[in-house]
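Chain by chain, the residues:
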Amino acid sequence: MSGTPFVVRWGIISTGWIAKAFVEDLLLDPKTRGVHDVVHKIVAVGSRSVESAQGFIDTVAGGDKSIKALGSYDALVADNDVDVVYIGTPHTLHYDNTVAAINARKHVLLEKPATSNAAEWADLVRRAKETGVFLMEAMWTRFQPAALAVREIIEKGELGKPVIVDADLSGDFGVENIPTTHRILDPMLGGGAILDLGPYPLFWALHVLYDNPSNGSQPPSRVSGGFVKNARTGVDQNTSFALDFPSIPAQARLSCSINVPAREVGAIVRFRKGTIWVDKPIYCPRGYRVQWFEKEGRDAVVREETVKLTWEGRGMHFEADEVGRCLRDGKLESAAWTHEKTAVAMRVFDEVRRQGGYQLPDGVEKIL
Ligand SMILES: NC(=O)c1ccc[n+]([C@@H]2O[C@H](COP(=O)([O-])OP(=O)(O)OC[C@H]3O[C@@H](n4cnc5c(N)ncnc54)[C@H](OP(=O)(O)O)[C@@H]3O)[C@@H](O)[C@H]2O)c1
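Small disclaimer: the values here were computed from a predicted structure and weren't measured. (Residues numbered from 1 in each chain as written. Predicted model: local features only at pLDDT ≥ 70, side-chain atom pairs only at ≥ 80, totals over all residues. Heavy atoms only, no water.)

**Considerations on the overall build of the protein**
Quick reminder of the rule: Helix and strand labels come from DSSP, where a helix needs a run of H or I of at least four residues and a strand needs a run of E of at least two; each type is numbered from the N terminus. Between the two quantities, the radius of gyration covers C-alpha atoms and the globule rule is 2.2 Å times the number of residues to the power 0.38. Remark: exposure states derive from per-residue accessible area (1.4 Å probe, protein chains only) relative to the maximum for the residue type, with buried under 20%, exposed over 50%, and partly exposed in between. Contacts are assigned to residue pairs that have any heavy atoms within 4.5 Å of one another. Residue-level accessible areas treat just the shown protein chains as cover; the underlying method is Shrake-Rupley with a 1.4 Å probe. Just so you know, the count uses Lys and Arg for positive and Asp and Glu for negative, and it drops His and the chain ends. Every charge is mapped onto a representative atom, which is NZ of Lys, CZ of Arg, CG of Asp or CD of Glu.
Counting secondary structure elements, the protein contains 10 helices and 14 strands. At 20 Å, the protein has a C-alpha radius of gyration in line with the 21 Å of a compact globule built from 368 residues. Based on the C-alpha atoms only, the size of the protein along its principal axes is roughly 65 × 55 × 40 Å. Within the protein, the proportion of its 368 residues that are buried is 55%. Pairs at least 24 residues apart make up 68% of the contacts formed inside the protein by residues separated by at least 6 positions. When the accessible surface of the protein is summed, it comes to about 15100 Å², and 50% of that surface belongs to carbon and sulfur atoms. The protein carries 43 positive and 47 negative side-chain charges, and their two centres are separated by 3 Å.

Here it is in structure tokens:
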């Protein structure tokens, strides 16, 4: 392919687990995944301490001297060489960090869950539009090969309309023993299953049902949720939520837990004429299985296909490539993971928390 690739100049906010994972993927040569139109350049890393920023550059980026180590997030967003800021802080800091980046006229890719609540997200969207900057929640699963393949199968229509989406994401965080200030347990940091793990089962529901042509972009007509709380801090620990999409008609049955390992099959999409089984982990499945039934009402399997997918790296680079293409094309929003999809997700989380009686401590939500 000819032409000079578009260079995306990234500034990274925070030096925790996910920032490391994202940067490792950014550093991979895009050609290894067949991408020739964008390349990624890390310009600066911003941390609450300059030592941590430098340590991150040393360990994750081989001490690359061209990357600036900055001792505050303010310095990072003010840096003239940065075009787009990646934000990997705990959930309840996302709003303030994004406001600062937008005020500095920087584009933003923001980790999931985008904010603490739907009101904060709506405010960020308004600010980004007014300022003319790109804004996207980092829903990396949307840009990965498995999600694209599932979409293609559904669009072919051989399985008919989806009827049930059943998805779970769980992880055993050792909640009996970790400090109560750990972000998965601390309500000040938006702890609990729904905000941390919930975005992924919800992703599969939105991808398959909300985005289904028969749904006409209608948000779920009803959200029913409930959970068992963690005994130490009161955050949601074992959480279930169901979403109704009557126009299809279809239902999603979703769940997430912070004290049990992920189950073997992450997501199952059931149609009248077949089933798609998405491998775990559902945030980054590297395979899926499809069964075709003889006909509606007969579950004799007439064909079955198991697909395994391979690529270099973790798979966060696919969303980074999307950001690059949007910036190159002057877009303020990704057509694939829109502002509205994130808004639907945040409203679902608000509603599940409301039904289960989990209020974040006063002052945590910057906008109510
Ligand atoms: N996409 C995914 O698959 C995925 C996976 C895991 C997590 N996440 C998301 O990424 C975010 C961060 O998760 P993580 O696991 O990377 O967390 P983490 O390891 O605890 O890192 C969070 C970083 O945020 C910064 N920070 C600023 N204020 C903080 C505070 N008051 N307490 C703790 N950290 C603070 C710190 O960086 P500095 O010290 O450098 O300032 C810290 O290293 C969460 O919103 C989570 O939902 C996404």
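So that's the structure; there's more coming.
**Examining the layout of surface pockets**
In plain terms, the rule: Of the two site types, the cavity is a set of points on a 1 Å grid over the protein atoms alone where a 1.4 Å probe fits but cannot get out, and the pocket is an open set with protein on both sides within 12 Å along at least five of seven lines, each lined by residues with an atom within 4 Å of a point. Grid points are joined across faces, edges and corners, and a volume is the space filled by probe spheres set on the points. Put simply, Ala, Val, Leu, Ile, Met, Phe, Trp, Tyr, Cys and Pro go in the nonpolar bin, Asp, Glu, Lys and Arg in the charged bin, and everything else, Gly too, in the polar bin. What fixes the domain bounds is an automatic or database domain assignment.
Considering only enclosed or pocket space, the largest pocket measures out at about 840 Å³ in volume. In terms of lining residues, the largest pocket is bounded by 32 residues, among which W17, I18, K112, R183 and D196 are the most central. Residue assignment for the lining of the largest pocket shows that the elements contributing at least two residues are α1 (17–26) and β7 (162–170). Here the lining of the largest pocket is built from residues that sort into 15 nonpolar, 11 polar and 6 charged. Split by domain, the residues of the lining of the largest pocket number at least three in each of domain 1 (6–141 + 316–333) and domain 2 (145–313). Space inside the second largest pocket adds up to approximately 250 Å³.

**Quick look at the sheet that holds strand β12 (residues 274–279)**
We count it as follows: In this scheme, strands are said to pair when DSSP sees at least two bridges between them. To get an axis, a line is fitted to the C-alpha atoms, and for a helix only the part in contact is used. The angle between two axes follows their N-to-C directions and goes from 0 to 180 degrees.
Here 8 strands make up an open sheet; going across it, the order is β8-β9-β10-β7-β11-β12-β13-β14 and the pairing mixed. Looking at the sheet topology across the chains shown, the edges are occupied by β8 (222–229) and β14 (298–308). Taken over all neighbouring pairs, the strand axes of this sheet differ in orientation by 10° on average, direction set aside. Relative to strand β13 (residues 287–295), β12 runs antiparallel, the two being bridged by 5 bridges. Pairing of I276 across the sheet is with V290, part of β13. Along the sheet, helix α10 (residues 339–356) contacts β8 and β9 (236–245); its crossing angle with β8, the most-contacted strand, is approximately 55°.

**Points about unusual backbone geometry**
Put simply, K112 and P113 share a cis peptide bond, and its omega is -15°. In this structure, P113 sits in the loop between β5 (107–110) and α5 (118–131). With omega at -5°, the peptide bond leading from K280 into P281 counts as cis. Secondary-structure assignment places P281 in the loop between β12 and β13. For S217, which is not glycine, the phi dihedral falls at a positive 55°. If you trace the backbone, S217 turns up in the loop between α8 (199–210) and β8. Using a relative accessible area of 48% as the deciding quantity, one classes S217 as partly exposed.

**Brief notes about the environment of G234**
Inspection of the secondary structure puts G234 in the loop between β8 and β9. Between the C-alpha atom of G234 and that of Y210, which follows or precedes it by 24 residues, the distance is 31 Å. The residues touching G234, leaving out its near neighbours within four places in the chain, are K229 and Y358.

**Side note on the sheet that holds strand β1 (residues 6–13)**
With respect to topology, 6 strands assemble into an open sheet ordered β3-β2-β1-β4-β5-β6, the strand pairing being parallel. On the outer flanks of this sheet lie β3 (68–70) and β6 (135–137), each paired with one strand and no other. Across the sheet, the axes of successive neighbouring strands diverge by a mean angle of 25°, strand direction being ignored. The pairing of β5 with β6 spans 3 bridges and is classified as parallel. In the strand pairing of β6, L110 is matched with E137.

**Section: empty space enclosed by the protein**
Per the counting criterion, the structure on display carries 1 cavity of 30 Å³ or more. Every residue lining the largest cavity is listed: E137, M139, P199, L202, F203, L206, W337 and A345. With 4 residues, the top contributor of residues to the lining of the largest cavity is α8. The class makeup of the residues in the lining of the largest cavity is 7 nonpolar, no polar and 1 charged.

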